Amino acid sequence: MNQSAPDPAPVLALKGVSKSFGAVRALRDVSLQLFAGEAHALAGENGAGKSTLIKALAGVHRPDGGEVLLDGEPVVFHGPADARDAGIAVIYQEPTLFPDLSVAENIFMGRQPRRSLGRIDRGAVHGTTAALMRRLGVDLAPDRPARGLSIADQQIVEIAKALSFDARVLIMDEPTAALTGSETARLFAVVRALRAEGAAVLFISHRLEEIFALCQRVTTLRDGRWISSEPLEGLTEEDLVRRMVGRDLDDLYP
Ligand SMILES: Nc1ncnc2c1ncn2[C@@H]1O[C@H](COP(=O)(O)OP(=O)(O)OP(=O)(O)O)[C@@H](O)[C@H]1O
Ligand SMILES: [Mg+2]
């Protein structure tokens with residue numbers, strides 16, 4: 001992004017969002033801004049509230065307080081379909097495709113292009129899927145059954161599906177946890193390409209080196225509280241760990 005350009009409005013944002021599960025305060029007054037063309041990391045220890053934050057953005061959880069803003073306007077997502085229709089795609093650690101359907105059928109599940117007499121236009125489904133895979137720079141045959149695909153390939157199918165919905169925001173909750181090194185490298189190449197096309201990305205990983213390799217900005221949560229949002233440039237892994245576990249650790253154990 002051009003450093004000298006004025007700050008654009010965030011594509012998607014949380015403003016003062018809180019969410020409790022019974023007595024557990026998973027998010028307390030958390031804010032976050034996602035910008036087009038930027039990969040944003042969400043860091044925090046186990047239970048810090050990362051997945052809960054993502055579910056608030058994805059329409060899975062309705063915040064108890066605060067707002068979700070889309071292009072600067074408050075929105076209420078009543079379910080995941082609302083978020084998807086708003087251009088927000090979530091890729092989970094282990095996608096759940098329909099194993100008996102092909103890659104292409106999974107992407108166009110429930111909305112296959114039809115020809116006259118309501119017949120599914122297989123040629124269009126196949127061709128569009130092939131084009132999506134080319135755009136992602138991935139070699140994955142549209143006719144392949146989902147059954148037997150690696151988790152990494154299943155994630156690619158989910159990303160292709162997101163593209164077919166014209167997603168502008170790509171949210172990934174620990175997508176690399178079950179991937180090999182080369183699969184992670186391919187995923188990162190895909191994410192960088194989407195970022196270059198202007199997508200806003202939110203990325204969760206416990207591996208700090210991945211955060212530094214992929215992202216430009218990081219927000220840290222601790223015990224459901226917002227700690228910081230800042231550029232990664234100039235930050236060290238120790239800086240990040242200190243924000244995740246608490247600045248006062250040295251004071252507690254001198
Ligand atoms: N559906 C739920 N019902 C009850 N408690 C929940 C629910 N979802 C999350 N929590 C609690 O909210 C807190 C935050 O959980 P969350 O899953 O958001 O953390 P996280 O940062 O994603 O952790 P991890 O790194 O382990 O994935 C935890 O204390 C968790 O037990
Ligand atoms: Mg989580």
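Counting its regular elements, the protein chain contains 9 helices and 10 strands. A compact globule built from 254 residues should have a C-alpha radius of gyration of about 18 Å, and the protein chain, at 19 Å, falls within 12% of that. When its C-alpha atoms are laid out on the principal axes, the protein chain stretches across 70 × 40 × 40 Å. Residues counted as buried form 46% of the 254 residues belonging to the protein chain. Of the contacts made within the protein chain by residues no fewer than 6 positions apart, 65% connect residues no fewer than 24 positions apart. Summed over all atoms, the accessible surface of the protein chain reaches about 12600 Å², with 50% contributed by carbon and sulfur.

In this section: the packing of helix H5 (residues 151–164) against helix H6 (residues 181–196). Two elements in contact, H5 and H6, have axes whose closest approach is 10 Å; the angle formed by their N-to-C orientations is 10°. Compared by their axis directions, H5 and H6 come out roughly parallel. Residues Ala152, Asp153, Gln155, Ile156, Ile159 and Leu163 of H5 form the contact with H6, whose participating residues are Glu183, Arg186, Leu187, Val190 and Leu194. A per-class count over the contact of H5 with H6 returns 7 nonpolar, 1 polar and 3 charged.

Time to look at the site of ligand 1. Taken together, 13 residues are adjacent to ligand 1, and Asn46, Gly47, Lys50, Ser51 and Thr52 come closest. Contacts to ligand 1 include Gly47, whose backbone N or O atom sits 2.8 Å from an oxygen atom. Within the side chain of Ser51, one N or O atom sits 2.9 Å away from an oxygen atom of ligand 1. Look at ligand 1: alone it shows 630 Å² of surface, and the protein chains cover 61% of it. Within the residue set of the shell around ligand 1, elements represented by two or more residues are strand S2 (24–34) and helix H1 (50–57). No other element matches H1, which puts 3 residues into the shell around ligand 1. Of the residues contributing to the shell around ligand 1, the split by class is 4 nonpolar, 6 polar and 3 charged.

Once that is clear, we can look at helix H4 (residues 122–136). Compared with an ideal rise of 1.5 Å per residue, which puts 15 residues at 21 Å, H4 spans 21 Å between its outermost C-alpha atoms and is within 8% of the ideal. Buried positions along H4 lie against helix H3 (103–107), H5 and H6. Just downstream of H4, Gly137 is the residue with a positive phi angle, here 70°.

Right, let's get into the packing of aromatic side chains. The full count for this structure, using the stated rule, is 1 aromatic pair. Both rings, one in Phe188 and one in Phe203, keep their centres 5.7 Å apart while their planes meet at 85°; by these two values the pair is edge-to-face. With a gap of 15 residues between them, Phe188 in helix H6 and Phe203 in strand S8 (residues 200–204) connect regions that are remote in the sequence. What makes Phe188 buried here is its relative accessible area of 6%. For Phe203, a relative accessible area of 0% corresponds to the buried category.

What follows concerns the domain arrangement of the protein chain. What the domain assignment lists for the protein chain is domain 1 (12–97 + 166–252) and domain 2 (98–148). Between domain 1 and domain 2, the contact holds 6 residues from the first and 7 residues from the second. Summed over both partners, the interface of domain 1 with domain 2 buries about 560 Å², with 62% contributed by carbon and sulfur atoms. When the area that domain 1 buries against domain 2 is broken down by residue, the three leading residues are Leu97, Val190 and Glu197, summing to 72%. Scanning the region where domain 1 abuts domain 2 turns up 1 salt bridge. Put simply, Arg135 and Glu197 hold a salt bridge, and the shortest N to O gap is 2.8 Å. Here domain 1 is connected to domain 2 by 1 residue pair in polar contact (both at pLDDT 80 or more). Looking at side-chain class alone, the side of domain 1 that touches domain 2 contains 3 nonpolar, 1 polar and 2 charged residues.

Rules used throughout
Residues numbered from 1 in each chain as written. Chains lettered and ligands numbered in written order. Predicted model: local features only at pLDDT ≥ 70, side-chain atom pairs only at ≥ 80, totals over all residues. Heavy atoms only, no water. Helix = DSSP H or I, 4+ residues; strand = E, 2+ residues; numbered from the N terminus. Rg over C-alpha atoms; globule rule 2.2 N^0.38 Å. Buried < 20%, exposed > 50% of the residue type's maximum accessible area, 1.4 Å probe, protein only. Contact = heavy atoms within 4.5 Å. Areas by Shrake-Rupley, 256 points an atom, 1.4 Å probe, with all protein chains shown as cover. Axes fitted to C-alpha atoms, helices over the stretch in contact; angles between N-to-C directions. Parallel < 35°, antiparallel > 145°, perpendicular 65-115°, else oblique. Nonpolar A, V, L, I, M, F, W, Y, C, P; charged D, E, K, R; others polar. Near = heavy atom within 4 Å. Polar contact = N/O pair within 3.5 Å; in protein donor to acceptor, adjacent residues only side chain to side chain. Expected span 1.5 Å × (residues − 1). Phe/Tyr/Trp six-rings, centres within 6.5 Å; stacked < 30°, edge-to-face > 60°. Domains from an automatic or database assignment. Buried area = accessible area lost by both parts, 1.4 Å probe. Salt bridge = Lys/Arg side-chain N within 4 Å of Asp/Glu carboxyl O.

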